[in-house]
Amino acid sequence: MKIDILTLFPRMFEGPLGESIIGKAVEKELLAIQVYNFRDYSDNKHQTVDDYPYGGGAGMLLKAQPIFSAMEAIEKQAPETKKRVILLDPAGKQFDQRMAEEFSKEEHLVFICGHYEGYDERIRQLVTDEVSLGDYVLTGGELGAMVMVDATVRLLPEVLGNNLSAQTDSHSTGLLEHPQYTRPAEFNGMMVPEVLMNGNHKLIEEWQLKESLRRTYLRRPDMLEKLELTDQMKKMLDEIKREEA
């Protein structure tokens, strides 16, 4: 996968994109990331990238020209790839695990990080997706882009080593992940559930499913409304409701 990021603050990405899972993916050549400072593409001698909005209003808008020129440079470098261009915008569709899974199947992602009050509307002609990290406003799109890149890259084949880990994460299955434990079996009087130590894989899987349902029911009941429950899951959920009543 190739990822390009357009930003006014490229140094913000040096740590997050060079360490941990993402850094290792780049080292293994499973991923190529390039960060562009679109100020470098301004045709103004002062490298101006923003201006006052027509009709008045608070704040400054990002000009269309520097971003269009930066996108032209990206196209020249990789004319053969099909690009999915993501505009970080508070008014965009909210990012979630399903979107990360979609992005992970693309060959080339481009993230445009906004700043100031907003964008010249014509910039939207370049994009395929307008995406928001959540219902709040950040000072710029950089932190949102880092989160989306991280959530996407970890889903690429071979990046995590054991892809089963990503498949069973919270939100990947439509449920929150069940409780997990490691050694020792007893710590400060707190015991690992006996079912996890008896070696009966069928019982363990049933326990894990029920506890995923329980955690989702207690913490994120809205997720259950979107999930098609099997008969087994319906029975478990009824039991959970009685147990938690």
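Every value quoted in this text rests on a predicted model; they were computed, and no experiment measured them.

Peer 1: Now, about the overall build of the protein chain: what can you tell me, with residues and values included?
Peer 2: When helices and strands are counted, the protein chain shows nine helices and 10 strands. Taken against the 2.2 N^0.38 rule, which gives 18 Å for 245 residues, the C-alpha radius of gyration of the protein chain at 23 Å runs more than 25% over that of a compact globule. For the protein chain, the C-alpha atoms occupy an extent of roughly 70 × 45 × 35 Å along the three principal directions. Here the protein chain holds 245 residues, and the buried ones make up 42% of them. Taking contacts inside the protein chain between residues at least 6 apart in sequence as the whole, the part at least 24 apart equals 73%. Here the protein chain has roughly 14600 Å² of accessible surface; of this, 49% comes from carbon and sulfur atoms.

Peer 1: Explain the sheet that holds strand β1 (residues 2-7) to me, and be specific about the residues and the numbers.
Peer 2: Taken in spatial order, the five strands make up an open sheet running β2-β1-β6-β5-β8, and their pairing is parallel. The sheet is open, and its two borders are formed by β2 (32-37) and β8 (129-132), each paired with just one other strand. Within the sheet, the average angular offset between the axes of one strand and its neighbour, ignoring direction, is 30°. In terms of strand pairing, strand β5 (residues 83-94) meets strand β6 (residues 108-112) through five bridges, oriented parallel. Of the residues in β6, the one forming a bridge with Ile86 is Phe111. Each of β1, β2, β5 and β6 is contacted by helix α3 (residues 64-77), which is oriented at about 160° to β1, the strand it contacts most.

Peer 1: So what's going on with the packing of aromatic side chains? Residues and values would help.
Peer 2: One pass over the structure, following the stated rule, counts two aromatic pairs. For the ring pair Tyr36 and Tyr41, a centre distance of 6.4 Å and an interplane angle of 50° mean the geometry is tilted. On the basis of relative accessibility, which here comes to 4%, the residue Tyr36 falls in the buried class. Classification of Tyr41 as partly exposed rests on a relative accessible area of 26%.

Peer 1: Which residues make up helix α5 (residues 142-153), and what are the values?
Peer 2: Spanning 12 residues, α5 covers 16 Å between terminal C-alpha atoms, matching the ideal 16 Å at 1.5 Å per step. For α5, the tally of buried residues reaches nine of 12 residues, placing the bulk of the element in the interior. Within the sequence span of α5, burial applies to Glu142, Gly144, Ala145, Met146, Met148, Val149, Ala151, Thr152 and Val153.

Peer 1: Can you break down the UniProt feature "binding site: S-adenosyl-L-methionine" (unreviewed entry) in the protein chain residue by residue, with the values?
Peer 2: Per the UniProt record, "binding site: S-adenosyl-L-methionine" (unreviewed entry) is annotated on Gly114, Leu133, Gly134, Asp135, Tyr136, Val137 and Leu138. When you line up the elements, Gly114 lands in the loop between β6 and β7 (118-119). With a relative accessible area of 9%, Gly114 lands in the buried category. If near-sequence neighbours (up to four positions away) are discounted, Gly114 is found in contact with Leu62, Leu88, Tyr119, Gly140, Gly141 and Glu142. Of note, Leu138 is situated in the loop between β8 and α5. For Leu138, a relative accessible area of 36% puts it in the partly exposed group.

Peer 1: An account of the nonpolar core is requested, with residue identities and associated values reported.
Peer 2: Counting 45 residues, the largest nonpolar core has Ile3, Leu6, Phe111 and Val153 as its most contacted members. Secondary structure elements with two or more residues in this core: β1, α2 (20-27), α3, β5, α4 (97-104), β6 and α5. Looking at this core, the element that brings in the most residues is α5, giving six residues. Residues contacting Phe111, with those up to four places away along its chain left out, are Ile3, Asp4, Ile5, Leu6, Ile86, Leu88, Ala145, Met148 and Val149. Core analysis: the second largest hydrophobic core is formed by eight residues, Leu224, Met233, Met236 and Leu237 among them.

Peer 1: Describe the domain arrangement of the protein chain, and please don't skip the residues or the numbers.
Peer 2: Structurally, the protein chain comprises domain 1 (2-154) and domain 2 (170-244). Summarising the inter-unit geometry, the C-alpha centres of domain 1 and domain 2 are found 38 Å apart.

What counts and what doesn't
Residues numbered from 1 in each chain as written. Predicted model: local features only at pLDDT ≥ 70, side-chain atom pairs only at ≥ 80, totals over all residues. Heavy atoms only, no water. Helix = DSSP H or I, 4+ residues; strand = E, 2+ residues; numbered from the N terminus. Rg over C-alpha atoms; globule rule 2.2 N^0.38 Å. Buried < 20%, exposed > 50% of the residue type's maximum accessible area, 1.4 Å probe, protein only. Contact = heavy atoms within 4.5 Å. Areas by Shrake-Rupley, 256 points an atom, 1.4 Å probe, with all protein chains shown as cover. Pairing = 2+ DSSP bridges. Axes fitted to C-alpha atoms, helices over the stretch in contact; angles between N-to-C directions. Phe/Tyr/Trp six-rings, centres within 6.5 Å; stacked < 30°, edge-to-face > 60°. Expected span 1.5 Å × (residues − 1). UniProt positions renumbered as here; feature names shortened; annotations may be inferred. Core = buried A, V, L, I, M, F, W, Y, C linked by side-chain atoms within 4.5 Å. Domains from an automatic or database assignment.

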